[in-house]
Amino acid sequence: MRQIPFYSEEEAVPLGWQRAAVSASSASEKRYDTLIDTTRHQLKRCYWSARWLLRHPGACTDVLAAQWRLLTARGRGGIVDIDGVKLRLRPEYSSRLARELLARTYAMSERALLRHALEDGDKVLEVGTGIGVIAALCARRLGCDRVVAYDAHPAMVQAARETFELNSLSPRLEHCALGRVQGRRILYAGETLGDAGPGRRPRRLMVPGRTLAEAVRTHRPTLLIIDVEGGECELMKDCVTLGVPKILIAFYPHLLGSAAVARARLTFAQAGYEAAAASADGNRVYYRLAAPRTEEAPAS
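Below: a short report on this structure.

A few words now on the pattern of salt bridges. Counting across every chain of the model gives 16 salt bridges. In this structure, arginine 90 and glutamate 162 form a salt bridge, with 3.7 Å as the shortest nitrogen-oxygen distance. Of the two residues, arginine 90 sits in the loop between strand S2 (85-88) and helix H3 (95-102) while glutamate 162 sits in helix H6 (residues 154-166), which places them 72 residues apart along the sequence. As a salt-bridge pair, arginine 141 and aspartate 120 come within 3.1 Å of each other at their nearest N and O atoms.

The next point concerns the packing of aromatic side chains. Enumeration according to the criterion identifies 3 aromatic pairs in this entry. Where tyrosine 47 meets tryptophan 48, the ring centres are 5.2 Å apart and the plane angle is 75°; that geometry is what we call edge-to-face. Here the aromatic residues Phe268, Tyr273 and Tyr287 are joined through ring pairs into a cluster of three or more. Above the plane of the ring of tyrosine 252 lies arginine 284, whose end atom (NZ or CZ) is 5.0 Å from the centre.

Ranked by internal contacts, the top residues of the largest apolar core, which has 40 residues, are Leu101 and Ile131. Of all the secondary structure elements, the ones that give two or more residues to this core are strand S1 (79-82), S2, H3, helix H4 (108-117), helix H5 (133-142), strand S4 (147-151), H6 and strand S10 (223-226). Among the elements that make up this core, the one with the highest residue count is H5 (8 residues). Not counting residues within four places of it along the chain, the set of residues in contact with leucine 101 comprises Val80, Ile82, Leu87, Leu89, Tyr93, Tyr106 and Ile131.

Here we take up the pairing of strand S3 (residues 124-127). Neither face of S3 is open: one carries Val124 and Glu126, the other Leu125 and Val127, and all of them are buried. The pairing of S3 with S4 spans 4 bridges and is parallel. Note on S4: the bridge partner recorded for leucine 125 is valine 148. What joins S3 to S4 is H5, and the crossover it makes is right-handed.

Here we take up the side chain of asparagine 283. Mapped onto the secondary structure, asparagine 283 falls in the loop between strand S12 (273-278) and strand S13 (284-289). Sequence-distant contacts of asparagine 283, defined by excluding residues within four places in its chain, comprise Ile249, Ala250, Phe251, Pro253 and Arg265.

Another point: the sheet that holds S10. Read from one edge of the open sheet, 7 strands run S5-S4-S3-S10-S11-S13-S12, paired in mixed fashion. Whereas interior strands pair on both sides, the edge strands pair on one side only; in this sheet they are strand S5 (172-175) and S12. Mean inter-strand twist for the sheet, computed between neighbouring axes without regard to direction, equals 20°. Note that S3 and S10 share 4 bridges and pair parallel. Across the sheet, the residue bridging to glutamate 126 is isoleucine 225, located in S10.

Calculation criteria
Residues numbered from 1 in each chain as written. Predicted model: local features only at pLDDT ≥ 70, side-chain atom pairs only at ≥ 80, totals over all residues. Heavy atoms only, no water. Salt bridge = Lys/Arg side-chain N within 4 Å of Asp/Glu carboxyl O. Helix = DSSP H or I, 4+ residues; strand = E, 2+ residues; numbered from the N terminus. Phe/Tyr/Trp six-rings, centres within 6.5 Å; stacked < 30°, edge-to-face > 60°. Lys NZ or Arg CZ within 6 Å of the ring centre and 35° of its normal. Core = buried A, V, L, I, M, F, W, Y, C linked by side-chain atoms within 4.5 Å. Buried < 20%, exposed > 50% of the residue type's maximum accessible area, 1.4 Å probe, protein only. Contact = heavy atoms within 4.5 Å. Pairing = 2+ DSSP bridges. Right-handed = clockwise from strand over helix to strand, strands pointing away. Axes fitted to C-alpha atoms, helices over the stretch in contact; angles between N-to-C directions.

Laid out in structure tokens, this is it:
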């Protein structure tokens, strides 16, 4: 198989004190710009929210009631049902995640694409299972022995285990970060689950790590699901060269940049994958390995 050019393959540059000083300065400026942008964005949201409430005073009661229901359900650990999968609201969930769970809109694009991708007899490997909704849907249809899920965040692993217990499912779940390097890795995680917005101070955690190639060789999946919130491009080269027939991947342009996502899409195309289905915004894509074309024999 010919080598596929990858955007991250660049010549190593010695990191001298001058380059280190420039890198530290650039990082400081980036954090400063991010703080300014976040503050501006929040002030703009407050301004337009205040204008809307002044124009619609009757809706203020509905907004406050909805917020109260959200806080109450999250504090009491209420149960919601999404496509037949039971989920428990937890106090450490972010407001956005809790709101999506109550509205049954959590992972809506992934659930829609899963209906196209999942077939009887598949073996599923999910990288970044989160609270376990997609893994539970796969296990309920295929059987628990045909589903393996990984997640690097310890709190997410605990939430996924609770989801499996609520639904009497037991797919294999491992607390591990899959990447291109073997060994322990550093994970930057937020204080609340399901909220990776800018301006939030992350925690630094040390988590176990394995290579994606090792996991694929061990479990031999026919469907690979990747949702790692900005780490997808690190897995891209191994992802397309391992020969998994079907891949469902989530892109995060606001974390990676549009240029990196465009290169990732090109990598899939060069490796012989075709986009069989995609979400409305195009950031969740179901790729299928195209069958090799056979040349027709010339007519005699």
